[in-house]
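# Structural description and commentary
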Amino acid sequence: MSNKTWNTQELLDICSQNVTDEAAVYVASVRSKIDRILFLIDRFTTSGNQPLKISSNEFSKTQIEVEIYIESLALNLHSLADVLGQIINVIILKPLLPSEKHLSSETATIKKVKTKLAELTLDSVKRTYGDEIIHAVDNLDKSDEFLYISGFMNTIKHRSLLNTTFYLKKDNGSLIDLGFKLDAFEYKGNLFPEKWCKTIVIQDREKIIDLIFDIGNSINNYCRAIFIMNV
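Structural notes, computed from the coordinates. (Residues numbered from 1 in each chain as written. Predicted model: local features only at pLDDT ≥ 70, side-chain atom pairs only at ≥ 80, totals over all residues. Heavy atoms only, no water.)

### Observations regarding the packing of aromatic side chains
What counts is decided by this rule: Ring pairs shown here join Phe, Tyr and Trp side chains whose ring centres sit within 6.5 Å, with only the six-membered ring taken for Trp; geometry is labelled stacked below 30 degrees between planes, edge-to-face above 60, and tilted in between. A run of H or I in DSSP becomes a helix once it reaches four residues, and a run of E becomes a strand once it reaches two; helices and strands are each numbered from the N terminus. Relative accessibility under 20% of the residue-type maximum defines a buried residue, over 50% an exposed one, and the middle range a partly exposed one, all with a 1.4 Å probe and only protein chains included. Think of it as a cone above the ring: NZ of Lys or CZ of Arg counts as a charge over the ring if it is within 6 Å of the ring centre and within 35 degrees of the ring normal.
Applying the stated rule across the entire model yields four aromatic pairs. Aromatic side chains F44 and Y69 sit 5.5 Å apart centroid to centroid with 70° between the ring planes, which places their arrangement in the edge-to-face category. Of this pair, F44 sits in helix α2 (residues 17-46) while Y69 sits in helix α3 (residues 57-96); the two residues are 25 residues apart in sequence, bridging distant segments of the chain. The residues F44 and Y69 share a single accessibility class, namely buried. A connected cluster of aromatic rings, assembled from ring pairs, spans Y148, F185 and F192. The ring of Y148 carries K195 above its face, with NZ or CZ at 4.2 Å from the centroid.

Next comes the structure, spelled out in structure tokens:
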């Protein structure tokens, strides 16, 4: 990953206990998903050090392994966004809304909480930091990397698996270096071209997690401002 971080413990420390009790499970989920992503990266970079024989059964097994890891990586990256939606809902929206207007955990997606936050009438401090959260969510939602992962996840969820194609490369030491590309696909009228699996695992994964951390840090900034105002 890059050097960007998000201090999730600070978030729990500066919020009131009745809020953090409910939010803690979602914060733990973020940490767990990051751990899973790091595990997958480790598997990609340490597995498959034997020469790949294209005509062998081992080739088929390796291709399936790559596809399983890519699907799991995409799932964890994509679901991080809606876990952030749950955190925003619990820590920020619920204290600002009457109970009859609360979003349930089943409906609190990142897009819905962003819309709800944008609609609220807030004082100048809360509006400033609330808009910072909205801006960070927009940056994630509109990024090419997240659009690709969203299209990928929705395609395999609603239609079919996406296959990989192998391109012979000289450097085939680990799984991440093998010449596999995800095939091109179309989702909601958008055509996503074929993409190297290595690009998804390294560049795209890092960009998405950085954008997730930007949202997390904007939540911290909001809560820190409220905490200081209440001291």
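### Notes on the nonpolar core
Grouped burial of nonpolar side chains is what soluble globular proteins tend to show. So the rule is basically this: Only buried Ala, Val, Leu, Ile, Met, Phe, Trp, Tyr and Cys residues count toward a nonpolar core, and they belong to the same one when joined by side-chain atoms within 4.5 Å. Here, residues are in contact when the closest pair of their heavy atoms is within 4.5 Å.
Residues L11, I70, I87, I88, I91, F152 and I219 are the most contacted members of the largest nonpolar core, which totals 73 residues. Elements that contribute at least two residues to this core include exactly α1 (8-14), α2, α3, α4 (110-119), α5 (124-142), α6 (144-158), β2 (180-182) and α7 (197-230). Looking at which element gives the most residues to this core, the answer is α3, with 17 residues. Those residues in contact with I219 that lie beyond four places of it in its chain are L11, L84, I87, I88, I92 and I133.

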